[in-house]
Amino acid sequence: YWKPFHAEFMHRMYSVSKSFVSTAIGLMVDEGKISLSDKIVKYFPDKLPDPVHPYISEMTIRDMLMMATIRNGSVYGEDWTREFFSAEATHKPGSIFFYDTSGSNTLAALVERVNGMSFLDYMRPRLLDRIGFSRDAWCIQTPDGYSFGGSGVICTMRDLAKLALVWLNQGRYQGEQLISEDYIKAASTRQIDNIMPAFSSVGRNAGYGYQTWILRDHGFAFEGMGSQLAICYPDKNFLFVCTGDTQTSQAGDSRIIETLWRLVVNKMQPQALPENSSLQQRLEEASGSLEVLLPKGKPKSSLAGEISGKTYVLEPNDTGISKVRLDFSDDRVLFSYTNKTGNKQIVYGLGKYLDGEFP
């Protein structure tokens, strides 16, 4: 762990959340509550437009799992589920791969409608509690009251590793079959081609399963924006997990996946290396000293005293922030701002990192 992050730190998993939703769908299939061939409109009669487009009527749960919905892109407003069924249909379901987070959100809403509880709560007694998943893990809510299954799960990196380990072992954890092997095999193998320029890397163009990316050499991955990754190679009994923030780096996810394959996975041998206590000690010392570097420069501007405590009114802007204020002290600064939802505050460290809640 790179300080100030640590083993218990809760990370937003972004699109890794989609693989959580896929797991919940698999559990429901195991229990006979749904079938992958079910038409999704069957479960949302109150969210449908009049008339319903025939492509929408044909769309199955399986189509949605493999990102083969009826549109190119996602829709967001005040009622995400209603808008999913009302947006323009551009092609037949099941025919074209196109990344559609709103479809993943609707799958999470499906789990919650059928079971009358959040999809994480549904998964807890069946799987999450049995693998030691954090009890305080949670999921952001959508405006229409469902879990943000496309991007909102918040849990630790070890929580992610434990779920991925279940997938790596074909649904088993410590010898117990928690989800059917048939579902995990289908979910973690190519169900649809996804060869598109935006996904041209070893991590992005070998196909797509059920809310899961397929890698070459029989691997698969849960992937989230900015490099939240769980990369599995079942043939090698190998699992790699990381959380990152590579959003400012073009193809950040792909670079990690490709480097891991080139330097580690591609060089793995079936025989174990001989024990080497000195190298083991060096590894532990190196990993124990990792930390996120502070930005270069002085911690406080010479203008701090001049602007501290003053409120500035902003011209209309894309952030929707109308007022800002900075209050400096010796080792921190309080950033106050106003947007359409009210007054907010964030505390920053000067010359150090401070842990805090984002409004």
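What you see is a predicted model; the values in this text were computed from it and never measured.

With respect to the pairing of strand E7 (residues 219-224)
The element E7 is largely enclosed, with a buried count of 6 among its 6 residues. Where strand E6 (residues 213-215) meets E7, 3 bridges bridge the pair, whose relative direction is antiparallel. Bridging from a neighbouring strand, leucine 215 pairs with glycine 219 of E7. Strand direction decides the pairing type here: E7 and strand E8 (residues 228-233), joined by 5 bridges, are antiparallel. The partner of alanine 221 across the bridge, within E8, is isoleucine 231. Two successive antiparallel strands, E7 and E8, enclose a turn made up of 3 residues, where glycine 226 displays a positive phi of approximately 80°.

So, the sheet that holds strand E13 (residues 342-349)
Across the sheet, which stays open at both edges, the 4 strands sit in the order E10-E11-E12-E13 with antiparallel pairing between neighbours. Strand pairing shows two members of the sheet lacking a second neighbour, strand E10 (311-313) and E13, which therefore form its edges. Ignoring which end each strand starts from, the neighbouring axes of this sheet average 20° apart. Of the pairings in the sheet, the one linking strand E12 (residues 332-339) to E13 comprises 8 bridges and is antiparallel in character. Bridge pairing in E13 links asparagine 339 to glycine 342.

Concerning the sheet that holds strand E2 (residues 138-139)
Taken in spatial order, the 3 strands make up an open sheet running E1-E3-E2, and their pairing is antiparallel. Among the strands making up the open sheet, the edge pair consists of strand E1 (11-12) and E2. In terms of strand pairing, E2 meets strand E3 (residues 153-155) through 2 bridges, oriented antiparallel. Bridge pairing in E3 places cysteine 139 opposite valine 153.

Topic: the packing of helix H1 (residues 16-30) against helix H6 (residues 119-128)
The interhelical angle for the contact between H1 and H6, taken along N-to-C directions, is 60°, at an axis separation of 10 Å. In this view, H1 runs oblique relative to H6, as classed from their interaxial angle. Where H1 crosses over H6, the handedness of that crossing is left-handed. Side by side, H1 and H6 meet where Phe20, Val21, Thr23, Ala24, Leu27 and Met28 of the first sit next to Phe119, Leu120, Tyr122, Met123, Arg126 and Leu127 of the second. Along the lines of polarity and charge, the residues of the contact of H1 with H6 split into 10 nonpolar, 1 polar and 1 charged.

So, H1
An ideal rise of 1.5 Å per residue puts 21 Å on 15 residues; H1 measures up with 22 Å between its terminal C-alpha atoms. Among the residues trailing H1, glycine 32 stands out with phi positive, at a value near 75°.

Overview of the side chain of threonine 23
Summarising the element assignment, threonine 23 is placed in helix H1. Look at threonine 23 and you get buried, because its relative accessible area is 0%. Reaching out from threonine 23, the side chain makes a polar contact with the backbone oxygen of serine 19 at a distance of 2.8 Å. Those residues in contact with threonine 23, other than ones at most four positions away along the chain, are Met123, Leu127, Leu163, Trp167 and Ile179.

Here's the deal with the packing of aromatic side chains
One pass over the full model with this rule turns up 15 aromatic pairs. Residues phenylalanine 44 and phenylalanine 85 carry aromatic rings whose centres are separated by 5.4 Å and whose planes lie at 45° to one another, so their mutual orientation is tilted. Taken together, the positions of phenylalanine 44 in the loop between H1 and helix H2 (54-58) and phenylalanine 85 in helix H4 (residues 80-86) put the pair 41 residues apart, joining distant regions of the chain. Residue class for phenylalanine 44 comes out buried when judged on its relative accessible area of 0%. Each ring, one from phenylalanine 84 and one from phenylalanine 85, has its centre 5.2 Å from the other, and the planes form 80°; the classification is edge-to-face. The ring centre of tryptophan 261 lies 3.5 Å from the NZ or CZ of arginine 216, which sits over that ring.

Let's talk about the pattern of salt bridges
The tally for this structure, following the rule as stated, stands at 17 salt bridges. We note a salt bridge from arginine 130 to glutamate 176, for which the minimum N-O separation is 2.6 Å. Pair noted here: arginine 130 is in the loop between H6 and E2 and glutamate 176 is in strand E5 (residues 176-177), with a separation of 46 residues, a long-range link. In this structure arginine 130 comes out as partly exposed when scored by relative accessible area, which is 44%.

Calculation notes
Within every chain, residues take consecutive numbers counted from 1 along the sequence as written. The predicted nature of this model means local features are confined to residues of pLDDT at least 70 and side-chain atom pairs, given and counted, to a pLDDT of 80 or more, with totals for whole chains, interfaces and linings taken over all residues. For side-chain calculations, the full set of non-hydrogen atoms in the structure is used, while hydrogens and water are omitted. Only protein chains enter the accessibility calculation, which uses a 1.4 Å probe. A residue is then buried if its area is under 20% of the maximum for its type, exposed if over 50%, and partly exposed in between. Secondary structure elements are taken from DSSP: a helix is a run of H or I of four residues or more, a strand is a run of E of two residues or more, and numbering for both begins at the N terminus. Only when DSSP finds a minimum of two bridges between them are two strands counted as paired. Convention adopted: a line fitted to C-alpha atoms gives each axis, helices being fitted over their contacting stretch, and angles between N-to-C directions are expressed from 0 to 180 degrees. Any angle from 65 to 115 degrees is called roughly perpendicular, while one under 35 is roughly parallel, one over 145 is roughly antiparallel, and all others are oblique. For any helix crossing, the convention is left-handed if the near helix is rotated counterclockwise from the far helix by under a right angle, and right-handed if that rotation is clockwise. We call two residues in contact when some of their heavy atoms are within 4.5 Å. We call Asp, Glu, Lys and Arg charged. Ala, Val, Leu, Ile, Met, Phe, Trp, Tyr, Cys and Pro are nonpolar, and the rest, Gly among them, are polar. What a helix should span is 1.5 Å times the count of its residues minus one. Any N or O atom pair separated by 3.5 Å or less is treated as a polar contact, with the protein-specific requirement of one donor-capable and one acceptor-capable atom, and with residues adjacent in sequence counted only for side-chain atom pairs. Any Phe, Tyr or Trp ring, taking Trp's six-membered ring, that has another such ring centre within 6.5 Å forms a pair; planes under 30 degrees apart are called stacked, those over 60 apart edge-to-face, and the others tilted. Throughout this description, the term charge over a ring refers to an Arg CZ or Lys NZ atom that lies within 6 Å of the ring centre and within 35 degrees of the ring normal. Any carboxyl oxygen of Asp or Glu within 4 Å of a side-chain nitrogen of Lys or Arg constitutes a salt bridge here.

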